[in-house]
Amino acid sequence: MKKILSIGPLAALLLCGCEVTYKNSAMLVVTKVIQATAPSSGSGGCTYSPETLEVTFGIFNPLGGGYTHGLVIENRLPDNSGSPGRVNTNDFQIEFAVIDYAQIDGPAVVMPEQTAPANGLILIGGKGVTQVDLIPSAIATAIGGNTMKVRVLVQLYGRLLDGSRVKSSTFEYVVQADPTFLLPAPSCTAPAAPFSCEGANQDTGTGCR
């Protein structure tokens, strides 16, 4: 009688040499969360700079909407052009963010995983910023008038220039939901009026224009 050779699922994967989906997360690294900076002259739009100091602890009013900031990401992949006639394909095109939540305190609230829009091209050896709704309106609505701390776990997903799907490292960030929070408005001289970069319901850069 012939014996049937059986191999486990792990061995089968090793034998087929299948490409791992969403590879290279250790080389695409989210390093910090930053606020937008208001223009000093009162004209022009708010901007993000990778050199801006990180926000170590956030706060927002969930009754006023979600929570938005910039994520700084470094592309640590090497130049893979290698030989004459071959072009580098390791630049990272960001397509979206996937965000999970872990409640630290406060009354229990269901906060399911969210997918948020994101965009940007991060060149090899470089770094850049993409704006992300870390707490979209759906999660802000779920929090409602509750006061609580929430741990945000965010990853950026996208493709390399050869079409390979990749994702970044996971970045953890804590934000305080406080329905009594009010963003201090800057003192402006008329006719200039105060404005906020990322929404008046959260910590953010402010200016006059």
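Rules used in this analysis
Position numbers for residues count from 1 along each chain, tracking the sequence in the order it is written. Side-chain atom pairs in this predicted model are given and counted only at pLDDT of 80 or more, local residue features only at pLDDT of at least 70, and totals for whole chains, interfaces and linings cover all residues. Only hydrogens and water are set aside when side-chain values are computed; all heavy atoms of the structure are taken into account. Two strands make a pair as long as DSSP finds a minimum of two bridges between them. Strands here mean DSSP runs of E at least two residues long; helices mean DSSP runs of H or I at least four residues long; both are numbered from the N terminus. Angles here are taken between N-to-C directions and fall from 0 to 180 degrees, while the axes themselves are lines fitted to C-alpha atoms, restricted in helices to the stretch in contact. A pair of cysteine sulfur atoms is labelled a disulfide when the two atoms are within 2.5 Å. Remark: exposure states derive from per-residue accessible area (1.4 Å probe, protein chains only) relative to the maximum for the residue type, with buried under 20%, exposed over 50%, and partly exposed in between.

Details of the sheet that holds strand β6 (residues 127-135)
Stage number 1. In spatial order, the strands read β1-β3-β6; together these three strands make up an open sheet with antiparallel pairing. If you trace the sheet from one side to the other, it starts and ends with β1 (28-34) and β6, each paired once. Strand-to-strand twist in this sheet, taken as the mean axis angle between neighbours without regard to direction, amounts to 35°.
Stage number 2. Direction of pairing for strand β3 (residues 67-75) relative to β6: antiparallel, over a ladder of eight bridges. By the bridge assignment for β6, Gly70 is matched with Gln131.

What about the state of the cysteines?
Stage number 1. Taken as a whole and assessed by the stated rule, the structure comprises two disulfides.
Stage number 2. The residue that forms a disulfide with Cys46 is Cys197, at a sulfur-sulfur distance of 2.0 Å. Measuring handedness by torsion sign, the sulfur bridge of Cys46 and Cys197 sits at about -80° and is left-handed. Of this pair, Cys46 sits in the loop between β1 and β2 (58-60) while Cys197 sits in the loop between β10 (194-196) and β11 (206-208), and the two are 151 residues apart along the sequence.
Stage number 3. In this model, Cys188 is linked to Cys208 through a disulfide, with the two sulfur atoms separated by 1.9 Å. Since a negative S-S torsion denotes a left-handed disulfide, the Cys188-Cys208 link at about -80° is left-handed. In this pair, Cys188 sits in the loop between β9 (171-177) and β10 while Cys208 sits in strand β11, placing the two residues 20 residues apart along the sequence.
Stage number 4. Residue classification places Cys188 among the partly exposed positions, given a relative accessible area of 22%.

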